[in-house]
Amino acid sequence: MRDEAKAFHFCLSCTLTLVVLASLIAASFAYLSLGLERLLSVAAVADMGQFIVSFFPPDVSLGFLQRVAYGAVETLAISAVGTLLAMMFGVILALPASGRYGRALRAAVRFVLNLLRSIPELVWATLMVLAAGLGPFAGTLALGMHTSGVLGRLFAEALENTPVEPSEALRQSGATRAVAFMYGTLPGVLPQFVAYALYRWEMNIRMAAILGFVGAGGLGQLLYYELSLLHQTQVCSVIIAMLLLTLAVDLLSATVRKGLGRAYG
Amino acid sequence: MLLSATAIHPRDPDARRRATALVIAIIVLWPLLVVAQFNPAILFDAKNLAAMAAFLRGFVPPEMSAEFLGHVVRATVETLAIATTGITLAFVVAVPLALAVTRSLSVSRIGPGPGYWRGTAVRAGVRMLLTILRGLPELVWALVFVRVLGLGPAAAVLALAITYGGMLGKVYAEILESTDTTPARALLESGSRRGAALLYGLLPNAAPEIVSYTVYRWECAIRASVMMGFVGAGGLGQLMDQAMKLLHGGEAATILIVFLLLVQLADAISARLRKQLA
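Counting from 1, residues in each chain are numbered in the order their sequence is written. Naming scheme: in the order in which they are written, chains are lettered from A and ligands are numbered from 1. Whole-chain, interface and lining totals are the exception, using all residues; otherwise, since this is a predicted model, local features are given only for residues with pLDDT of at least 70 and side-chain atom pairs are given and counted only at 80 or more.

## Things to note about the overall build of chain A
- What chain A contains, in helices and strands, is ten helices and zero strands.
- The N-to-C order of helical and strand elements in chain A reads α-α-α-α-α-α-α-α-α-α.
- With C-beta atoms placed from the backbone, a residue counts as buried when 20 or more other C-beta atoms lie within 10 Å of its own, as exposed when 12 or fewer do, and as partly exposed for counts between those limits. Per-residue burial for chain A yields a buried fraction of 37% across its 265 residues.
- In chain A, the share of contacts with a sequence separation of at least 24, taken over all contacts with a separation of at least 6, comes to 71%. What counts as a helix is a DSSP run of H or I of at least four residues, what counts as a strand is a run of E of at least two, and both are numbered from the N terminus. Contact definition: two residues whose C-beta atoms, as placed from backbone geometry, lie within 7 Å.

Below, the structure is given as structure tokens:
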């Protein structure tokens, strides 16, 4: 009897949640008044069909393909250099954030890391375009800023969780702090650092492809430029290049992960 | 300090390998730095510094006039509505595709019979469609849709429906295949329809995970819909983009603060919802 009452009560709260959710969804559709139904009229479908057809065939002239290839290389360079910068600053910030220079500094640096991480890459990119001008360097800095926050926090946690005995032993046998860190602590955490950095690099390649929309170089800038000039066939080539790039990264990381699976559990 | 290290170990046994690795790293890195136009000096260029400083000085105090706050509130509600409608449409896109690729619901796989190759081909095709749907970031779709539908939230909602539809579809299928599939198989083998096998065989085990993933994606959709504002697809992002292009530091500061609060709030709501529904 009591169990039945409990079950009934539980379902009441479930139902309430569902009703609230459904009404919020309905309210959202009503608020936006998207007029998506106008997309379903015959004329709109015909327009849309014509629009899609205008993108084909993609521009595969040698000159343009060269520009696309350079855009892809630029995207890769932005993501790689950005991630490396972030790895460097991540380690520098993780040392105080792991509490080795006192509690006050730990809290202060953790606040900075949170701030770096909470501001999205695209916002950083808009800021960096102001600070460094249009071009790939702004994108590199933007990725570096956001990723420093992410990696700094992950690195700090790795440093806090690593055993202290090896570096303690070195310290007690007379090594300086720096040497104790290099030979006692770093070898233990380095594989984790590298794994985190590779994981973020994978995400950053995808991000670098779109940071160009605010002028930060790479494939995104090319796409934005061609779309502004209404060069549909060129846009199509760039989009295909982006798709291939992301698919290649996905495939590569899946393969690498499978290979590393045994070593990294 | 490093000097003292060499004093302790006059011959580092690993020195040669380390030096080689360093040289190779520099050779690989150099072209990357050139392509990325890496030039920290530009940050300290007087003109850039002055522009940045003026903009950042504007951040304090944040803009707090009632009129501007009204805009911000409206944009925030719009962002939430975009994320919610986007996820709803993505769900509508994802469910049929996920059911089509779920192997544990396939009748033709059970035994020798007609339709095995057709079933396999359909699943492979739909799987490819899912990959393409989620292959492009939502920002790219939003940029293209803004050209077609004009500035405003419709572009963002459609972009979310496509990209998140692909993601949800793939993950739903994975969840349905990775739970205990024996009940569904037993039902199918004893002749039940696939709908019944899904409802009574798979969903009881898989539903909590599916709900929890969908709510998590809603949280991501909020962040994504702010980002899509930067290409003109409405909401908080569009307001932030305008404030930054016009160098209104105070407005940018207010919007950033609201954005950070919104993300925190979504995080809390999603944690609660997941607890309640799962």
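## Re the domain arrangement of chain A
- For the domains described, the bounds stem from an automatic or database domain assignment. Each assigned domain of chain A is listed here: domain 1 (2-34) and domain 2 (62-264).
- Taking the mean C-alpha position of each, domain 1 of chain A and domain 2 of chain A sit 41 Å from one another.

## Regarding the packing of helix α8 (residues 182-189) of chain B against helix α9 (residues 194-228) of chain B
Residue and element names in this part refer to chain B.
- Helix axes use the C-alpha atoms of the stretch in contact, all axes being lines fitted to C-alpha atoms, and the angles between their N-to-C directions lie in the range 0 to 180 degrees. The contact between α8 and α9 brings their axes to 7 Å, and the two run at 150°. On the basis of the axis angle, α8 is roughly antiparallel to α9. The crossing of α8 and α9 is right-handed. Between α8 and α9, the residues in contact are P183, A184, L187 and L188 and A196, A197, Y200, G201 and L202, respectively. For classification, angles of less than 35 degrees are called roughly parallel, those exceeding 145 degrees roughly antiparallel, those between 65 and 115 degrees roughly perpendicular, and all remaining angles oblique. Two helices cross in a left-handed way if the nearer one is turned anticlockwise from the farther one by less than a right angle. They cross in a right-handed way if the turn is clockwise.

## Examining the packing of helix α4 (residues 66-101) of chain B against helix α7 (residues 153-178) of chain B
Residues and elements named next belong to chain B.
- Interaxial distance between α4 and α7 falls to 6 Å at its minimum, and their mutual angle equals 40°. Relative to α7, the element α4 lies oblique. Here α4 runs over α7; the crossing is right-handed.
- Throughout, the ten residues Ala, Val, Leu, Ile, Met, Phe, Trp, Tyr, Cys and Pro are labelled nonpolar, Asp, Glu, Lys and Arg are labelled charged, and all others, Gly among them, are labelled polar. Tallied by class, residues from the contact of α4 with α7 come to 20 nonpolar, four polar and one charged.

## What to know about the confidence of the model for chain A
- Note on scores: pLDDT gives the predictor's confidence for each residue, bounded by 0 and 100. Here chain A averages 85 in pLDDT, while 93% of its residues score no lower than 70.
- Summarising per-element confidence for chain A, the mean pLDDT is lowest in helix α1 (residues 2-32) of chain A (74) and highest in helix α6 (residues 136-161) of chain A (93).

## Points about the domain arrangement of chain B
- Taken domain by domain, chain B holds domain 1 (11-51) and domain 2 (66-277).
- One C-alpha centre belongs to domain 1 of chain B, the other to domain 2 of chain B, and the line joining them spans 40 Å.

## With respect to unusual backbone geometry
- Cis geometry is adopted by the peptide bond preceding P57 of chain A, which originates at F56 of chain A and carries an omega value of -5°.
- Despite not being glycine, Q37 of chain B has its phi angle at roughly 50°, a positive value.
- Tracing the backbone shows Q37 of chain B in the loop between α2 (15-35) and α3 (46-57).
- Classification of Q37 of chain B by C-beta neighbours within 10 Å gives buried; the count is 20.
- You will see that L247 of chain B, though not glycine, has its phi angle at about 55°, which is positive.
- For L247 of chain B, the location among the structural elements is in the loop between α10 (235-245) and α11 (249-277).

## A word on the interface of chain B and chain A
- Contact with chain B, which involves 45 residues of that partner, is made by 42 residues of chain A.
- Per-class residue counts for the side of chain B that touches chain A are 34 nonpolar, nine polar and two charged.

## A word on α7 of chain B
All names here are of chain B.
- Multiply 1.5 Å by the residue count of a helix minus one, and that product is the helix's expected span. Helix length check: α7, at 26 residues, gives a terminal C-alpha distance of 36 Å against a target of 38 Å (1.5 Å per residue), a fit within 8%.
- Of all the bends in α7, the greatest, near 30°, is centred on Y164.
- Summarising burial for α7: 21 of the 26 residues are buried, a large majority. Bend angle per residue: angle between axes fitted to the 7 residues ending at that residue and the 7 residues starting there.

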